[in-house]
Amino acid sequence: MLAEKKLKNKIKIDREPSSGLSAFTERPIPTETEVASFERVVEREVRHQEIDSNLSEIYKDNKGDLIDVKKMSVKKRQAWIIRVFKRIIILGLLSLIAYFCYFYFFVRGNDMSGLEFLIAAPEKVVAGEEFSYAINYTNPTKFPLSNLYLELKYPENFIFLNSSESPTNGNYGFNLADLPSGATRTVTVTGTLVSQTDSVNVVSGRLSYIPINFSSEFKKESSDATIIEGFGFQAAVEAANSAFVNQDNELALSLFDVQNNQFADFNLEIVMPEGGTVSLAKDNKNLNASSTLVTPMPDDNFIAIEDGANNWKISGLSLGSGPEKLNFIYQFKEQPSSSDITIKLSKKLLDGQKYVFWEKTISPELVKSDLNLTLFLNGSKNNGTANFGDTLNYTLAYSNKGDNTFKDAVIMVVLNGFFLDWNSFKADQDGEVKTGKMIVWTKNDISALSGIKPGDAGEINFSIKLKDYLDSDFGSSMQINSYSQYGVNNQESGEGKNSSNIIETKINSDLYLSEQIRYFDDNNLPVGSGPLPPKVGEKSSFKVFWTVKNNLHELRNAEVILNLPNGINWDGNSSVGAGTIYYDESRRLVIWNIGQLPVSIYQTDASFSVSVTPSESDRDKILILSPGSTISASDNETQAVISRKTGPKTTKLEDDDIASLNNSGRVE
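What counts, and at which threshold
- Along each chain, numbering runs from 1 in the same order as the chain's sequence is written.
- With the structure being a predicted model, the display of local features is reserved for residues of pLDDT at least 70 and the display and counting of side-chain atom pairs for 80 or more, all residues being used for whole-chain, interface and lining totals.
- The basis for every side-chain value is the complete set of non-hydrogen atoms in the structure, without hydrogens or water.
- Helix numbering and strand numbering both begin at the N terminus, where a helix is a DSSP run of H or I of at least 4 residues and a strand a DSSP run of E of at least 2.
- Accessibility here uses a 1.4 Å probe with only protein chains present; expressed as a share of the type maximum, an area under 20% marks a residue as buried, one over 50% as exposed, and anything in between as partly exposed.
- Whether two residues are in contact is decided by their heavy atoms: any pair within 4.5 Å suffices.
- Surface exposure here means Shrake-Rupley accessible area, sampled with a 1.4 Å probe, where a residue is shielded only by the protein chains that are shown.
- In summary, the pairing rule links any two rings of Phe, Tyr or Trp, Trp by its six-membered ring, whose centres are within 6.5 Å, and it sorts them by plane angle into stacked for under 30 degrees, edge-to-face for over 60 and tilted for everything else.
- Each ring is checked for a lysine NZ or an arginine CZ that lies within 6 Å of its centre and within 35 degrees of its normal; such an atom marks a charge sitting over the ring.
- Strands are labelled as partners when DSSP assigns at least two bridges between them.
- To obtain an axis, a line is fitted to C-alpha atoms, over the contacting stretch when the element is a helix, and the angle between two such axes runs from 0 to 180 degrees between their N-to-C directions.
- Any Lys or Arg side-chain nitrogen located within 4 Å of an Asp or Glu carboxyl oxygen qualifies as a salt bridge.
- Each polar contact in these results corresponds to two N or O atoms within 3.5 Å; when the atoms are within protein, one needs to be able to donate a hydrogen and the other to accept it, and residues that are neighboring in sequence are counted only if both atoms are side-chain atoms.
- Take the buried Ala, Val, Leu, Ile, Met, Phe, Trp, Tyr and Cys residues and link them wherever side-chain atoms come within 4.5 Å; each set so joined is a nonpolar core.
- Here a cavity denotes a set of grid points, spaced 1 Å apart and computed over the protein atoms alone, in which a 1.4 Å probe fits but from which it cannot get out, and a pocket denotes an open set meeting protein on both sides within 12 Å along at least five of seven lines; residues with an atom within 4 Å of a point are reported as lining.
- Grid points are joined across faces, edges and corners, and a volume is the space filled by probe spheres set on the points.
- Side-chain classes follow a simple rule in which Ala, Val, Leu, Ile, Met, Phe, Trp, Tyr, Cys and Pro form the nonpolar group, Asp, Glu, Lys and Arg form the charged group, and the remainder, Gly included, forms the polar group.

Peer 1: Please give an account of the overall build of the protein chain that cites residues and values.
Peer 2: For the protein chain, the helix and strand inventory stands at 3 helices and 44 strands. A buried classification covers 40% of the 668 residues belonging to the protein chain. Taking as baseline every contact in the protein chain between residues at least 6 positions apart, the subset at least 24 positions apart corresponds to 73%. Of the accessible surface of the protein chain, which amounts to about 37,600 Å², a share of 49% is contributed by carbon and sulfur atoms.

Peer 1: Tell me about the packing of aromatic side chains, and name the residues and values.
Peer 2: Scanning the entire structure with this criterion turns up 30 aromatic pairs. Ring plane angle 85 degrees and centroid distance 5.0 Å describe the contact between Phe-418 and Phe-419, whose orientation is recorded as edge-to-face. Joined through ring pairs, the aromatic side chains of Phe-131, Tyr-133, Tyr-154, Phe-158 and Phe-160 make up one cluster. Just above the ring of Phe-418 sits the side chain of Lys-467; from NZ or CZ to the centre is 4.9 Å.

Peer 1: Which residues make up the sheet that holds strand E37 (residues 568–576), and what values do they have?
Peer 2: Sheet architecture is open: 4 strands sit in the order E34-E35-E40-E37, paired in antiparallel fashion. Both edges of this open sheet fall to strand E34 (512–518) and E37, since each of them pairs with a single strand only. With direction set aside, neighbouring strand axes in the sheet form an average angle of 20 degrees. Where E34 lies against strand E35 (residues 540–549), 7 bridges are found, and the strand directions are antiparallel.

Peer 1: Any details on the pattern of salt bridges? Residues and values, ideally.
Peer 2: Counted according to the given criterion, the structure contains 12 salt bridges. Close ionic contact of Lys-348 with Asp-307 constitutes a salt bridge, the shortest N to O distance being 3.6 Å. Placement of the pair is Lys-348 in strand E19 (residues 341–348) and Asp-307 in the loop between strand E16 (303–306) and strand E17 (311–315), with a sequence separation of 41 residues. On the basis of relative accessibility, which here comes to 31%, the residue Asp-307 falls in the partly exposed class. Here Arg-619 and Glu-616 are joined by a salt bridge, their closest N and O atoms 2.8 Å apart.

Peer 1: Summarise the pairing of strand E8 (residues 200–211); cite the residues concerned and give the values.
Peer 2: Examined bridge by bridge, strand E4 (residues 145–153) and E8 share 7 bridges and lie antiparallel to one another. Looking at E8, one finds that Leu-150 is bridged to Leu-207. Between E8 and strand E9 (residues 218–228), which pair antiparallel and follow one another directly, the connecting turn spans 6 residues, one of which, Asn-213, has a positive phi of 70 degrees.

Peer 1: Tell me about the environment of Asn-136, residues and numbers included.
Peer 2: Inspection of the secondary structure assignment puts Asn-136 in strand E3 (residues 130–138). On the accessibility criterion, Asn-136 (25% relative accessible area) is partly exposed. Aside from chain neighbours lying at most four places away, what touches Asn-136 is Glu-116, Phe-117, Leu-118, Arg-185 and Thr-186. At a separation of 2.7 Å, a polar atom in the side chain of Asn-136 contacts the side chain of Thr-186.

Peer 1: Any chance you could break down the nonpolar core for me, citing the residues and the numbers?
Peer 2: Buried together is how nonpolar side chains tend to be arranged in soluble globular proteins. One finds Leu-268, Ile-270, Phe-328, Leu-345 and Phe-357 to be the most contacted residues of the largest nonpolar core, which totals 63 residues. Discounting residues that sit within four places of it in the chain, Phe-357 has contacts with Ala-127, Val-194, Ser-195, Gln-196, Thr-197, Phe-231, Phe-233, Phe-263, Phe-266, Leu-345, Ser-346 and Lys-347. Ranked by size, the runner-up nonpolar core spans 34 residues in total, among them Leu-371, Ala-386, Leu-392 and Leu-420.

Peer 1: An account of the layout of surface pockets is needed here, citing residue identities and associated values.
Peer 2: For the largest pocket, the calculated volume is near 1,400 Å³. Lining the largest pocket are 46 residues, and of these Val-237, Glu-238, Ala-239, Asn-383 and Gly-384 sit closest to its centre. Contributing elements (two or more residues each) for the lining of the largest pocket: strand E10 (234–239), strand E12 (249–256), strand E18 (324–332), strand E20 (354–362), strand E23 (384–386) and strand E33 (503–507). Across the lining of the largest pocket, the residue classes tally to 21 nonpolar, 16 polar and 9 charged.

In short, the description is geometric, and any link to function would need to be established separately.
Structure, rendered in structure tokens:
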């Protein structure tokens, strides 16, 4: 390209016919100007050749071919800030690598305080349950460690049982073997915690050590906590809200819902105010009055042994035990400054140390009056529970314990509760019902009230039903409060000192069980098989449908049981919405174990098949397919066991409208 350019300066040399020496000597010598011009031309030519060479290299590809610049793509050069950022990242990575290498080869293991020490405790345990603390320690340093001493501080309710290392100071101090570099060891300490539900029990520890060839001592500390999630069963106190001075008053301790009781035995203590006394009631079942050994429960394994004043040793409370109740009588000879009564359950060790795992304090209102009124509900003057539709049977007992006659006495009973059906109220002695919550008796109703002399006593019996629950009743009070008062000279009294004990009755959840036995389902499709009505020697099968409803309180241990009559067989083909269903052949029981039933589950269902093959002796008879199924569950709100039972079902298939059109139910 550049070779085609014309030179601006030309040097003219005449051609001679000969080239001899004479001709050469005859040629003129170039001047200095011409020589300089010639050198510039040569220099320019060399420069253009270098440029051509460099450009050809730029515009050639990797194969040496020239590039078509019309199709050449040009890459943008990265911004300077990106180049700087990349260099910083690369420099940082190189620095980290250098630091890691330095730490790994020169620094690691030189920190003599680098001992790793950790105490691991279970998050939750049941009171009395055996468990272990794991004390882990690791030596990541380059130095062997000596003079290791572990000191633990247990929760105050911890009972030491054993440990993997023999303690050298009580049950909490341990001299440990030397720990080589890189070694890991564990010490386990086993024991139990006896404390109240939801209590937080903290264990802490300190590990001291001295690196080999050093004189300085180093220490590490750690801690962890364990929560008591229960004590394996439930306990509840039943007592009236009021107590009479210088009279016997009732108190009951119920032990129920035994799931995981870890105590072979435990202690019961009732702490009374000054001047108060308490003893086991004589109406406890199987009471041996001639011995300190008391077996008050139907279960012979459950026993209570007197263990000092106001103390009893309880044993035999195991899984499957029914609700156990201990009844007590307490009394105040004089009115004390405080009426607090504390009931404690504890584990007592051989050395006399006590660990309390349950405690309840009641404070009845003390009543001192010459005319004593005592109200009973279904035979008890304590608080209790009831179900929707139940009849509440009350007895009001009155007696004159003083020296004076009460003339023209007026006795009133107050019943407060949304679910009371006042239309069902009945009494053996007519009285006046006022404002739908009070009944008043005067001498016009009961002649004995005209003058209650010292030593006189009497009683009034009455009853009232609880209404059934409706969906529109949601949010209404689920409690009935009952008490009595008296007045004199035909005047009603509102003074508290003239009151009886108060009975609080909590209403259990609206647990409901429906049982249907059918040949056809709701869609008129057969779910049974065989002849209908049943025939002698031929098998007929039917479908049993169970429906459980509940929407007020959360329930636990919910279970439905059907005891199959003789001749009725389990055919399986079961389905269940919650829990499990199975057949106990040895007891001929169909059992639907639902378990927990929260209020979020308003309804759940189960079904299974049964069959019958009638014999000749069954001819022309209506057979019972189900004597009625029973559902039971524990109410978490009232702590009561609810039980319901359905009615009997027969081969008439009372719940099957389609089958009943051509089915008399009598075996043919």
